[in-house]
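Structural overview for review
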Amino acid sequence: MSLSFLTVSVISILWPCLSLGALLTQWPRTVTAREGETESLNCYQNDTDYNMMLWYLQPHQGGLTLIGYAWASSLNYEAGMEAHYTIIQTGNKESSLKISNMTAAQEGVYYCAAKDGHSVYHWELCSQCCHEVISLILTGCEGLSVSLSVPVSVYLSPSLSLSLTVSQPGDIRQTLLAVYNPAFFGSGSKLAVIGPKDEIQPPKVFLYDASHDELRTENWGTLVCLVSEFYPDTVEIEWKIDGALVKNEDSRPIHTDLKSLKSKSSSTYSVTSRLRLSVNDWADAKLITCRVTHFGEGTTITNHEANVEPTGELCAFITKDDIQERMVTGKLTYLILLCKSILFGVFISFVVWKIKSPSGKRFD
């Protein structure tokens, strides 16, 4: 086959990162480790069997950082990552990340991702991985072979398409060689790193009831849960009404601070969460609970909570001004009714007197 020219193009398409708990399970959700210790994070594909599993770190500041990945039987790390991280792959479905010699720089949320390495149509794809580039060798069914180098950042993007354009006189063909599939992410594992002598501080929980003024004027009320003086920054907050877990939805929205606030005078943190309820939901509730889970050293978990008992009575929405206004209105209504009663009594007395009085003199 004589060719006038040959062109290979690489197209990188960034798909939104999917975090579907049904596809991947990560555990533990949160773990606290001391500097110098070793911890392991785990990931499992529930319903898929993708041949590539990747590990990322989301630090407190900055974007996702690729640590490394397992593809088929090979393990690959980004530059400098092997000093602290070890990926352990068990078949295609399960992967673990071992974090050694812990430092504060390794704090953050670790995400596991899985993807089908390549879906190849009509062509075979081989690769040799270096630190900065991937060397791809594309071999066609007619014996045509093309090699090219692709940066690792492009090669590991969530979606990569490779296309080969072959041209000859009177015949222009474009063949899709390989489609690099999107990655599916787990829900993440949060890692907190504390000093060797740091003390765990459990949280203090305070729950403030909805304002009666807000309930009366807006028909909605906001309950505020303040969680303070805890260390490390590893808490989860949930709401319950009469023992039932409240889901974050339009009818009962929950707003929790995205980041905890560190105290200026100590190493402790504080965070708030707010639950909005309609006046009917608030009045019907017998007990509203803010429940806080604190992850201490290792996988130690403690639970803390605060409760409020809404009155559920309409009089709870009446202010002093309302009461005074209604007292004046009540007195006026009472006077009107009293006057009506007196006039009605006079009228009845007159009718009775008229009936009993003689129509004229009687003579024997």
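Small disclaimer: the values here were computed from a predicted structure and weren't measured.

1. Overview of the overall build of the protein chain
- Counting its regular elements, the protein chain contains four helices and 28 strands.
- Counting the 364 residues in the protein chain, one finds 37% classified as buried.
- Look at the contacts in the protein chain between residues 6 or more apart in sequence, and 63% of them connect residues 24 or more apart.
- Looking at the protein chain as shown, the accessible area adds up to about 21300 Å², and 56% of this sits on carbon and sulfur atoms.

2. Brief notes about the side chain of Glu39
- Mapped onto the fold, Glu39 is located in strand 5 (residues 39-45).
- In this structure, Glu39 is buried with no salt-bridge partner, the nearest side chain bearing the opposite charge being Arg34 at 9.7 Å.
- Excluding residues that lie within four positions of it along the chain, Glu39 makes contacts with Val31, Thr32, Ala33, Leu97, Lys98, Ile99, Met102 and Gly298.

3. Structural notes on the sheet that holds strand 3 (residues 24-27)
- The four strands are arranged 3-5-10-9 in an open sheet whose pairing can be described as antiparallel. Edge positions in the open sheet fall to strand 3 and strand 9 (85-90), since each of these has one partner strand only. Strand-to-strand twist in this sheet, taken as the mean axis angle between neighbours without regard to direction, amounts to 15°.
- As defined by bridge partners, strand 9 adjoins strand 10 (residues 94-99) across six bridges and the pair is classed as antiparallel. Looking across to strand 10, one finds that Ile88 is bridged to Ser96.

4. What about the sheet that holds strand 22 (residues 235-241)?
- Taken in spatial order, the four strands make up an open sheet running 23-22-27-28, and their pairing is antiparallel. The sheet is open, and its two edges are formed by strand 23 (244-245) and strand 28 (301-308), each paired on a single side.
- Bridge analysis of strand 22 against strand 27 (residues 288-295) gives seven bridges, and the strand direction is antiparallel. When the bridges of strand 27 are listed, Trp239 appears paired with Cys290.

Reading the values: the criteria
Residues numbered from 1 in each chain as written. Predicted model: local features only at pLDDT ≥ 70, side-chain atom pairs only at ≥ 80, totals over all residues. Heavy atoms only, no water. Helix = DSSP H or I, 4+ residues; strand = E, 2+ residues; numbered from the N terminus. Buried < 20%, exposed > 50% of the residue type's maximum accessible area, 1.4 Å probe, protein only. Contact = heavy atoms within 4.5 Å. Areas by Shrake-Rupley, 256 points an atom, 1.4 Å probe, with all protein chains shown as cover. Lys, Arg positive; Asp, Glu negative; His and termini not counted. Salt bridge = Lys/Arg side-chain N within 4 Å of Asp/Glu carboxyl O. Pairing = 2+ DSSP bridges. Axes fitted to C-alpha atoms, helices over the stretch in contact; angles between N-to-C directions.

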